[in-house]
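# Tertiary structure, described
Here are the chains, one letter per residue:
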Amino acid sequence: MVFSCTTVVVFAVAGMLAQSGPPSVSLPGPQNPFLGSAPEGKATNEVLQIDFKDAIDRGLRNNLGLLLAVDQSETVRGERWKELSSLLPDFSAHIMESVQSESLSALGFNKLAPVLLPPGASASSFPRLIPAFNYFDARLSLGQSVFNFKNLERERAASENVKVAQFNYKDAREVVVLAIGNSYLQAIAAAARVETAEAQVKSARALYDKAVDQQKAGLSPAIDTLRAQVELQARQQQLIVARNELAKQRLTVARIIGLPPGQEFVLTEKAPYQALNALPLETYLERAYASRADYQAALAQVRSAELSRRAATAGHYPTFDLNANFGEIGTNPGQSNDTWQVMGGVNIPIFSGNRVHGDVLEADSQLKQARSQLADLRGRIDYEVRTALLDLNAAGEQVEVARSSVDLAEQALAQSQDRFTAGVTDNLEVVQAQEALASAHENYIESLYAHNLSKVELARSIGDAEEGVKRYLKGN
């Protein structure tokens, strides 16, 4: 079965995106390995400066999903060596010396017929026990399978499985980059929300102070002060939530890239925006089919399944084995003689209880599964490339609209503040303008995050995440 990392990371990204919604209870369950790591080193007093490149490099060293992929590759290599051993010579040596006595009566010699006894001997005079004697044997043995088509095809299938594991490792690196890119962008967005919330608290406090002064001067009613106080506390609550969310997002980044627990660090990158000069769809699809490691792994898995079926069918074929040995045998090492033996044999299967038929049926089933998974993956790659381009285009347009909305909301807030200061209107208009500006900032942060994430997903969809993330984020 093809081990694919794509499905794993889909759930990972979906879980990260869900973090921006309402809080929910986390139930115990299996840990996504790409959201964990084996921490590197111990925490220090130094505040680390972590940019995109450093985060990716650390993740590629410490991410749990990648470490497990390495272990899986070693397991598959061990299985290949097991299959190869059946084709290689089996060479061994042994030295044996035995000192023993033998009971002839136990072997039935006390019941020998008279015709078998020596002349003049009787059954009662025949010895019942042979005295102790030595037996020495030193020997080299060699066994070789000269022709076994089944073992040969099984070894070839195991070699293809090694390629599958190697491609899965490369695919795991792509998934790690996608997980790091998503978590880093989430943290950048959380930091932007904190900055926006701090500015909104400052603006709400200024409005509240002005409302208090005007109430003391008898220029505005108490309702304006209460309204401004409610708005200030709402913005303070938003700031608390934003700071808490930023702290959790930073912990997520640290977990994925393998920072030691308690290590202080700062994410140095800011949310970039650069329109991507997209290439034609067909170009991206060609790159994806040629470069994606999970697709190459699926192709290798099909080849392995085909070879496994040929190996199962080869259970009907005859085999030829050769065995030889050479050694010294005698009563002791000083009184021994050279002996040797060479044996060759052909084994022709005639009836094995339909075991071979069962092996063929299993191999057929696995081959059909591998081909179906390959066809599904090809369709999924087409879907992922198309959706990544759609998301990229839509997010780019959203960024432009959101940026314009922020400018308009800031102008509306400035005008409403001027009107309130001039006594033309109460501060309800100012509070509404502050709400509109907060919403505009949130939309801008979300659209900027979605635009950058769609670039990362596009790089992943064409198999270029590890090398292309920073290039895509710069618009190249």
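Throughout this description, residue numbers start from 1 for each chain and increase along the sequence as written. Side-chain atom pairs in this predicted model are given and counted only at pLDDT of 80 or more, local residue features only at pLDDT of at least 70, and totals for whole chains, interfaces and linings cover all residues. As a rule here, side-chain values come from all non-hydrogen atoms in the structure, and water together with hydrogens is ignored.

An unreviewed UniProt entry lists the chain under the name Outer membrane efflux protein, with Candidatus Sulfotelmatobacter kueseliae given as the organism. UniProt positions are given in the numbering used here, feature names are shortened, and annotations may be inferred rather than shown by experiment. For the chain, the Subcellular location (unreviewed entry) comment in UniProt is given as "Cell outer membrane". What UniProt states about the chain under its Sequence similarities (unreviewed entry) heading is, verbatim, "Belongs to the outer membrane factor (OMF) (TC 1.B.17) family."

Take the overall build of the chain next. Counting from the N terminus, the helices are the DSSP runs of H or I reaching at least four residues and the strands are the DSSP runs of E reaching at least two. In terms of helices and strands, the chain carries 10 helices and 6 strands. Out of the 476 residues belonging to the chain, those deemed buried represent 38%. We call two residues in contact when some of their heavy atoms are within 4.5 Å. Relative to all contacts within the chain whose residues are 6 or more apart in sequence, the contacts with residues 24 or more apart total 85%. Using a 1.4 Å probe, the Shrake-Rupley method yields the accessible areas, and only the shown protein chains count as cover for residues. Entry remark: accessible area of the chain is about 26,300 Å², with carbon and sulfur atoms responsible for 57%. Buried residues are those whose accessible area, probed at 1.4 Å on protein chains only, stays under 20% of the maximum for their type, while exposed residues exceed 50% and partly exposed ones sit between those limits.

Next up on the list: the packing of helix α5 (residues 222-257) against helix α9 (residues 428-461). Axis definition: a line fit to C-alpha positions, over the contact stretch in the case of helices; interaxial angles, taken between N-to-C directions, run 0 to 180 degrees. Running from N to C, α5 and α9 point in directions that differ by 15°, and their axes come no closer than 10 Å. Here α9 runs roughly parallel to α5, going by the angle between their axes. As α5 packs across α9, the resulting crossing turns out to be left-handed. Facing Arg227, Glu231 and Arg235 of α5, the residues of α9 in contact are Leu428, Val431, Gln434, Glu435 and Ala438. These descriptions rest on fixed angle ranges, namely under 35 degrees for roughly parallel, over 145 for roughly antiparallel, 65 to 115 for roughly perpendicular, and the rest for oblique. By definition, turning the near helix anticlockwise from the far helix through less than a right angle yields a left-handed crossing, and turning it clockwise yields a right-handed one.

Next up on the list: the pattern of salt bridges. The term salt bridge refers to a pairing of a side-chain nitrogen on Lys or Arg with a carboxyl oxygen on Asp or Glu at a separation within 4 Å. In the structure shown here, the tally under the stated rule is 31 salt bridges. Two residues, Arg227 and Asp224, come together in a salt bridge whose shortest N-O distance is 2.9 Å. With a gap of 3 residues between them, Arg227 and Asp224 both fall in helix α5, about one helical turn apart. Residue Asp224 is classed as buried on the basis of its relative accessible area of 3%. Connected via shared salt-bridge partners are Asp171, Arg292, Asp294, Asp376, Arg380, Glu384 and Arg460.

A few words now on the nonpolar core. Of all hydrophobic cores here, the largest spans 33 residues; its most connected members are Ile50, Ile180, Tyr184, Leu185, Ile257, Phe265 and Leu267. Every element with two or more residues in this core is listed here: β1 (48-50), α2 (52-62), α3 (64-85), α4 (149-216), α5, β4 (265-267), α9 and α10 (465-473). At 11 residues, α4 tops the list of elements feeding residues into this core. Every residue in contact with Ile180, bar those within four places of it in the chain, is listed here: Ala55, Ile56, Gly59, Ile256 and Ile257. The nonpolar core is taken to be a set of buried Ala, Val, Leu, Ile, Met, Phe, Trp, Tyr and Cys residues, with the residues joined through side-chain atoms within 4.5 Å. Leu285, Val302, Leu377 and Ala388 belong to the second largest nonpolar core, which has 20 residues in total.

It is worth spelling out a nonpolar patch on the surface at this point. There is a patch of nonpolar side chains on the surface, built from Val146, Phe147, Tyr317, Leu322, Phe326, Trp340 and Val342 and spanning about 710 Å² of accessible area. Those elements that place two or more of their residues in the nonpolar patch are β3 (129-147), β5 (319-332) and β6 (335-347). Using a relative accessible area of 34% as the deciding quantity, one classes Leu322 as partly exposed. For patch detection, residues must exceed 30% relative accessible area and be free of salt bridges, and they are connected within 9 Å for like charges or within 5 Å for nonpolar side chains (Val, Leu, Ile, Met, Phe, Trp, Tyr).

Note: two strands are recorded as paired if DSSP finds a minimum of 2 bridges between them. Spatially, the 4 strands line up as an open sheet ordered β2-β3-β5-β6, and their pairing is antiparallel. Either end of the sheet is taken by a strand with one partner, and the two such strands are β2 (90-103) and β6. Strand-to-strand twist in this sheet, taken as the mean axis angle between neighbours without regard to direction, amounts to 20°. As defined by bridge partners, β5 adjoins β6 across 13 bridges and the pair is classed as antiparallel. Looking across to β6, one finds that Asp321 is bridged to Gly345.

For Gln200, the location among the structural elements is in helix α4. Leave out the neighbours within four places in its chain, and Gln200 touches Arg235, Gln238, Leu437, Ala438 and His441.

Glancing now at the environment of Glu174. For Glu174, the position within the fold is in helix α4. Beyond its immediate sequence surroundings of up to four residues, Glu174 is in contact with Ala459, Arg460, Gly463, Asp464, Ala465 and Glu466. Engagement of the side chain of Glu174 in a polar contact is seen with the backbone nitrogen of Glu466, the distance being 3.1 Å. In the analysis that follows, any N or O atom pair within 3.5 Å is treated as a polar contact, provided that within protein one partner can donate a hydrogen and the other can accept it, and provided that, for residues neighboring in sequence, both atoms belong to side chains.

The next thing to look at is the packing of aromatic side chains. Any two of the Phe, Tyr and Trp rings considered here, Trp counted by its six-membered ring, make a pair once their centres fall within 6.5 Å; the pair's planes then place it as stacked at under 30 degrees, edge-to-face at over 60, or tilted in between. According to the stated counting rule, one finds 3 aromatic pairs in the structure shown. For the pair Tyr289 and Tyr295, a centre-to-centre distance of 5.5 Å together with 50° between the ring planes defines the contact as tilted. The exposure classification of Tyr289 matches that of Tyr295, with both residues buried. Each ring is checked for a lysine NZ or an arginine CZ that lies within 6 Å of its centre and within 35 degrees of its normal; such an atom marks a charge sitting over the ring. Above the plane of the ring of Phe265 lies Arg250, whose end atom (NZ or CZ) is 4.5 Å from the centre. It is Arg378 that lies over the ring of Tyr289; its NZ or CZ is 3.9 Å from the centre.

So, about the environment of Leu226. Mapping Leu226 onto the fold places it in helix α5. Residue class for Leu226 comes out partly exposed when judged on its relative accessible area of 49%. Along the primary structure Leu226 and Val212 are separated by 14 residues, whereas in three dimensions their C-alpha atoms are 9.2 Å apart.

Here we take up the pairing of β5. Note: β3 against β5, 11 bridges, orientation antiparallel. Among the inter-strand pairings, Gln144 is bridged to a residue of β5, identified as Leu322. From the end of β5 to the start of β6, which pair antiparallel, there are 2 residues.

Let us now look at the packing of α3 against α4. Two quantities define a packed helix pair, namely the angle between the axes and the distance from one axis to the other. Viewed as axis vectors pointing N to C, α3 and α4 meet at an angle of 175°, and their least axial separation amounts to 9 Å. Here α3 is positioned roughly antiparallel relative to α4, judged by the angle of their axes. Residues Leu66, Ala69, Val70, Ser73, Val76, Arg77, Arg80, Glu83 and Leu84 of α3 pack against Arg154, Glu155, Ala158, Ser159, Asn161, Val162, Ala165, Gln166, Tyr169, Ala172, Arg173 and Val176 of α4. The class makeup of the residues in the contact of α3 with α4 is 11 nonpolar, 4 polar and 6 charged. Gly falls in the polar group here, along with every residue not listed as nonpolar (Ala, Val, Leu, Ile, Met, Phe, Trp, Tyr, Cys, Pro) or charged (Asp, Glu, Lys, Arg).

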